[in-house]
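# Analysis of the macromolecular model
Each chain, written out:
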Amino acid sequence: MAGNLVFIGVLNGTLEARDLNSGDLVWEFQTEASRQGGDLGAVLYCPHAPEEGCACRKPAPGLIQEALARSGFTAAESLVVGDDRRDLEAASRAGVPAALVRTGKGRKTEMLLNGAPVPTYDDLAHVARAILEAHEHRVT
Ligand SMILES: [Zn+2]
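Model, not experiment: these values are computed from the prediction.

## A closer look at the nonpolar core
Core analysis: the largest hydrophobic core is formed by 18 residues, its most contacted members being Leu63, Ile64, Val80, Ala90 and Ala91. Those elements that provide at least two residues to this core are strand E1 (7–11), helix H3 (62–71), strand E3 (80–82), helix H4 (85–94) and strand E4 (98–101). In terms of residue count, H4 provides more of this core than any other element does, four residues in total. Excluding residues that lie within four positions of it along the chain, Ala91 makes contacts with Ile64, Val80, Val96, Pro97 and Ala98.

See below:
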């Protein structure tokens, strides 16, 4: 994990939906991230069905809590970026600030939030830029 930014992917049960095993899922996610110039420290996913009532399927906070534990960052030092209300709720339950991106389901989610105060960005690149700019202002 390079520098002091760690990106961890957190997914809900996409295994059944995409007919992948867990190794394939992690590999696919890592590959897509690096194709876009990203570097994921870990990929965490919920392997359970919704009716199993596990602690990790978003909006449960389990995966975000695990990501915090693995990264060594506090909740306040972290940011959950998502396109779905379940992402924002999981962040809230874990006490981590959240941001919404307008990619994926994000535009629909933005409409559903109806003006609720969640920082919203066009895409992940804009989120990354905002984080870096805020960090520059802190250190200078
Ligand atoms: Zn689960």
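## Let's talk about the pairing of E4
Bridging between E3 and E4 involves three bridges; their strand directions are parallel. Bridge pairing in E4 links Gly82 to Leu100. The parallel pair E3 and E4 is bridged by H4, and the resulting crossover is right-handed. Where E4 and strand E5 (residues 120–121) come together, two bridges link them in parallel fashion. When the bridges of E5 are listed, Val101 appears paired with Tyr121.

The rules we used
- Residues numbered from 1 in each chain as written.
- Predicted model: local features only at pLDDT ≥ 70, side-chain atom pairs only at ≥ 80, totals over all residues.
- Core = buried A, V, L, I, M, F, W, Y, C linked by C-beta atoms within 7 Å.
- Buried ≥ 20, exposed ≤ 12 C-beta atoms within 10 Å, placed from the backbone.
- Helix = DSSP H or I, 4+ residues; strand = E, 2+ residues; numbered from the N terminus.
- Contact = placed C-beta atoms within 7 Å.
- Pairing = 2+ DSSP bridges.
- Right-handed = clockwise from strand over helix to strand, strands pointing away.

Function cannot be read off these values alone, since they describe shape.
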